[in-house]
Amino acid sequence: MISRRTLLSGAAGLAGTALLGNASGARAFTRPLAPVARPGDEKVVRLDLIAKEHSLSLPCFDGHDLPLWTFADQALPPVVRLNLGDRLDTHLVNGLTRPGEHVSIHWHGIRLPNDQDGVPYLVQPPVEPGASYDYSFVPPDTGTFFFHTHCNTVEQLGRGLAGILIIDGDAPEPYDHDQLVVLRDWRLDEARSAFLPFLTLAGAGRAGSFGTVRSVNGATNPEIPLPAVADVRLRIINVDATRISEVGIEGAEAAVVAIDGLACAPFPLRSWKMGPAMRIDVVIRTPADGGTATLYDYFAAKPVPLARFAAHGAPRRTGDFDPAPLAAARIAKPDLEAAETIPFSFSATATGSSVAAAAGDDGLPLGSLCLSAANLWAINQSSWPGTGMDKLPPPLVRLERGRSYRMQLRNATPQMHPIHIHGHSWTVLGSNKRVLPPHFADTVLLLPNEKIDVAFVADNPGRWMMHCHIIEHQETGMMGWYDVA
Ligand code: C2O
Ligand code: CU
């Protein structure tokens, strides 16, 4: 009999071997997770979001203003912070003027009541231009999250429409500094004065249409000042619609303390592959005054420096780096003995491969082939019909509330797919290709032909999406929904 405990400790042992056996000689961290955080008294935090076009610039735009779509009067995504136990009351106004450009807000990774999940047609009506909509919920988990719209996301997110959501209360031993590190690309022409098409058929049929300009917090390879010899929490969030980065840090010891917002036992960061929507919280011990550390993307022929951390001031810490763990997540433990196993295969449709081949490499825009109903990708052989959300296909699966399920996520393609589940967080059990540390995730990255097993208790009733978070894949068919009742 394999209990979750033996499974986890077995996996932890393996993870130790794989992750610690590196040239940097990183030490293991031994401190246990802090007890689950208790929510404070409910306070109401009010938030006004107006989705609107603004002509704005960012350092990475080389002095140009671009027609960004944002939720606030600024180019960077608004950062919303609450304490565990607080209620977030949001008033959303759709100030976009293009006819039919409706919006809604999906609070990515938040295990909230179904009617607040922000998926148009599935759980709420679309919010048409000029209309408004209210959300109200108490996030059950601490950590690093974000929010975005859920239809024509390829363009809406491509133009900047997103926000960051942080739920505090998970660090009983405070770190010396808290730093957001938001990764995203922009699809800009060579002069950086206009957007390129957000969706291309060649991209949609393969790994996606990549941005041409990379950025961290709106700047290309910025220098970010941090306190010296300090334990700094980096909240690294991949807000890009397409790009998978493999992040690592040189010049500082680094430990992963949370994945997709939820605490994990700290393990040394060698490198971590992050698909769109994935987050990691990393604690680094910064260098001495005047020193720098560098955040790299290793997922490239030559490592790409993404940002430099410049240390300033008097040392804050003495002794070895042994980062304080976060408070454990409050996720129901799946009963693996009783769990029903459900296989999911993520594949291309027959049309998908031929269309992608015919489209060639020159980024033919989708519209020019009039393929508004392109079905390039599928989950369990079924492709979301058309590109619209308005025709609901049958659910991928119907789950019984309160029961445990094991999902076998199998990638049957040569592309990678970050697969996201709404409404629940998975317990990641293991992969057939690599050693993964025990952790929770709302988005797991499937490598080519990889199979990852996840499990969860279906304890959140409603109609929930499951889809690839490479938005072009999602919007050309790799999307479905499941029902918990
Ligand atoms: Cu962040 Cu349905 O996704
Ligand atoms: Cu995909």
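For the structure itself, consult the block above.
Residues numbered from 1 in each chain as written. Chains lettered and ligands numbered in written order. Predicted model: local features only at pLDDT ≥ 70, side-chain atom pairs only at ≥ 80, totals over all residues. Heavy atoms only, no water.

Asks: What is the right way to look at the coordination of the copper ion (ligand 2) in this model?
Replies: Metal coordination angles in their ideal form are 109.5 degrees for the four-donor tetrahedron and 90 or 180 degrees for the six-donor octahedron. Every protein donor of the copper ion (ligand 2) is accounted for by His417 (ND1), Cys468 (SG) and His473 (ND1), and the metal-donor separations fall at 2.0 to 2.1 Å. Along the chain, the residues donating to the copper ion (ligand 2) are arranged with the sequence spacing H-x50-C-x4-H. Note that His417 is positioned in strand β24 (residues 417-421) and Cys468 in strand β29 (residues 462-468), a separation of 51 residues in sequence. The exposure class assigned to Cys468 is buried, which follows from its relative accessible area of 0%. (Donors = N, O, S within 2.8 Å, 3.2 Å for Na, K, Ca; no water. Helix = DSSP H or I, 4+ residues; strand = E, 2+ residues; numbered from the N terminus. Buried < 20%, exposed > 50% of the residue type's maximum accessible area, 1.4 Å probe, protein only.)

Asks: Please explain the pairing of β29 as it appears in this structure.
Replies: Of all seven residues in β29, six are buried, a share of seventy percent or more. Both β24 and β29 contribute to a ladder of three bridges, which runs antiparallel. Bridge pairing links His420 to His467 in β29. Here β29 pairs with strand β30 (residues 479-484) via six bridges, running antiparallel. If you follow Arg463 over to β30, its bridge partner there is Asp483. (Pairing = 2+ DSSP bridges.)

Asks: Just checking my understanding: could you explain the sheet that holds strand β26 (residues 439-441) for this structure?
Replies: Paired through their backbone hydrogen bonds, the strands of a sheet run either parallel or antiparallel. An order of β21-β20-β23-β28-β25-β26 is seen for the six strands of this open sheet, with the pairing classed as mixed. A single partner strand is all that each edge strand has here, and the edge strands are β21 (377-379) and β26. When strand polarity is set aside, the average angle formed by the axes of neighbouring strands in this sheet is 30 degrees. Sheet topology note: the strand β25 (residues 426-431)/β26 ladder contains three bridges and is antiparallel. When the sheet's bridge partners are listed, Trp426 is paired in β26 with Ala441. (Axes fitted to C-alpha atoms, helices over the stretch in contact; angles between N-to-C directions.)

Worth remembering: the numbers are spatial, not functional.
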